[in-house]
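Survey of secondary and tertiary structure
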Amino acid sequence: MDGDRHATPTDRFVALHDAADALLDDLTERYLVERRETKEPFGLDDALVRTVRLIPRSASAAPLAIHFTDPGLVVRLGRWWEESLPPCACATCDDDPRALEERLRVHIAALIEGGLWERVRRGVGGSWFETRLIGAGVTADREGPLSAAGARDARRGGFAAAVQWAPWQFRSR
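Thoughts on the packing of helix H2 (residues 14-30) against helix H3 (residues 97-112)
- Look at H2 against H3: their axes get within 10 Å of each other, and the N-to-C directions meet at 25°. By the angle class used here, H2 and H3 are roughly parallel. Crossing of H2 against H3: the hand is right-handed. Contact residues: H2 offers Ala-15, Leu-16, Ala-19, Ala-20, Leu-23 and Leu-27, while H3 offers Leu-100, Glu-101, Leu-104, Arg-105, Ile-108 and Ile-112.
- When grouped by side-chain class, the residues that make up the contact of H2 with H3 number 10 nonpolar, no polar and 2 charged.

Focus: the pattern of salt bridges
- Counting across every chain of the model gives 16 salt bridges.
- One salt bridge connects Arg-79 with Asp-153, and the closest N-O pair in it is separated by 2.7 Å. With a gap of 74 residues between them, Arg-79 in the loop between strand S4 (73-77) and strand S5 (81-85) and Asp-153 in helix H4 (residues 148-159) connect regions that are remote in the sequence.
- Through salt bridges with shared partners, a single network forms among Asp-21, Asp-25, Arg-35, Glu-37 and Arg-50.

Structural notes on empty space enclosed by the protein
- Enumeration according to the criterion identifies 1 cavity of 30 Å³ or more in this entry.
- Counting residues per element, the ones that place at least two in the lining of the largest cavity are S5 and H3.
- Among the residues making up the lining of the largest cavity, the classes are represented as 4 nonpolar, 1 polar and 2 charged.

Here we look at the confidence of the model for the protein
- Taken as a whole, the protein shows an average pLDDT of 88; of its residues, 90% reach a score of 70 or greater.
- Ignoring residues within four places in sequence, the model shows residues 1-7, a span with pLDDT below 50, making 12 contacts including any to other chains.

Quick notes on the packing of aromatic side chains
- Inspection of every chain in the model, using the stated rule, returns 5 aromatic pairs.
- Here the aromatic rings of Trp-80 and Phe-129 are separated by 5.6 Å at their centres, their planes lie at 10°, and the arrangement is stacked. Here the residue Trp-80 occupies a position in the loop between S4 and S5, and Phe-129 occupies one in strand S7 (residues 126-135), the gap between them amounting to 49 residues. As far as burial versus exposure is concerned, Trp-80 and Phe-129 are alike and both buried.
- Ring geometry for Trp-80 versus Phe-159: centroids 5.1 Å apart, planes at 70°, classification edge-to-face. Residue Trp-80 is found in the loop between S4 and S5, and its partner Phe-159 is found in helix H4; the two are separated by 79 residues along the sequence. There is no split in this pair, since Trp-80 and Phe-159 are both buried.
- The structure contains a cluster of three or more aromatic residues connected by ring pairs, namely Trp-80, Phe-129, Phe-159 and Trp-165.
- Above the plane of the ring of Phe-68 lies Arg-50, whose end atom (NZ or CZ) is 4.3 Å from the centre.

Some points on the environment of Arg-53
- Mapped onto the elements of the fold, Arg-53 is located in strand S2 (residues 47-56).
- Separated by 56 residues in the primary sequence, Arg-53 and Ala-109 place their C-alpha atoms 16 Å from one another.
- Ignoring sequence-local partners within four residues, the contact set of Arg-53 consists of Glu-34, Arg-35, Arg-36, Thr-38, Glu-40, Leu-64, Ala-65 and His-67.
- A polar side-chain atom of Arg-53 sits 2.6 Å from a polar atom in the side chain of Glu-40.

Definitions and cut-offs
- Residues numbered from 1 in each chain as written.
- Predicted model: local features only at pLDDT ≥ 70, side-chain atom pairs only at ≥ 80, totals over all residues.
- Heavy atoms only, no water.
- Axes fitted to C-alpha atoms, helices over the stretch in contact; angles between N-to-C directions.
- Helix = DSSP H or I, 4+ residues; strand = E, 2+ residues; numbered from the N terminus.
- Parallel < 35°, antiparallel > 145°, perpendicular 65-115°, else oblique.
- Left-handed = near helix turned anticlockwise from the far one by under 90°.
- Contact = heavy atoms within 4.5 Å.
- Nonpolar A, V, L, I, M, F, W, Y, C, P; charged D, E, K, R; others polar.
- Salt bridge = Lys/Arg side-chain N within 4 Å of Asp/Glu carboxyl O.
- 1 Å grid on protein atoms, 1.4 Å probe; cavity = no way out; pocket = protein on both sides within 12 Å on 5 of 7 lines; lining within 4 Å.
- Points joined across faces, edges and corners; volume = space filled by probe spheres on them.
- pLDDT = per-residue confidence, 0-100.
- Phe/Tyr/Trp six-rings, centres within 6.5 Å; stacked < 30°, edge-to-face > 60°.
- Buried < 20%, exposed > 50% of the residue type's maximum accessible area, 1.4 Å probe, protein only.
- Lys NZ or Arg CZ within 6 Å of the ring centre and 35° of its normal.
- Polar contact = N/O pair within 3.5 Å; in protein donor to acceptor, adjacent residues only side chain to side chain.

So, in structure tokens, the structure goes:
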């Protein structure tokens, strides 16, 4: 796909779906992960979308989930890192599908190398998640509010202290 700005949003980002599929296939072959594919309700209208999860066999390594939406992807790294590719599919924003493919690769490479850090922070107004992704070509932070139940669940899961996810383990050849 050449990223033609006159194509429909769905047409422009077909290459992004293809790149995600190829990347998921490669990761499944190279790393010790369980691959799960489902159709799940997603978004405001709860439309069913294809979702692929790669769950490392090591519990200390972060999972990856990719939701194949129209027109792009929603990528979830670990517990809280979530990113829409493209962030906006309008013609005005005119995101380049090739740049988005590279962003996908860079962020997933950081996850695989153990570059994702997450934790729960308590504050006067409630609890928040904090997450940081660091790798070759990416250094980014995110945070957001958690419900009381979500915060309790996260703390029970070990996120009261900072969690640095471990690198993924390679399959033996």
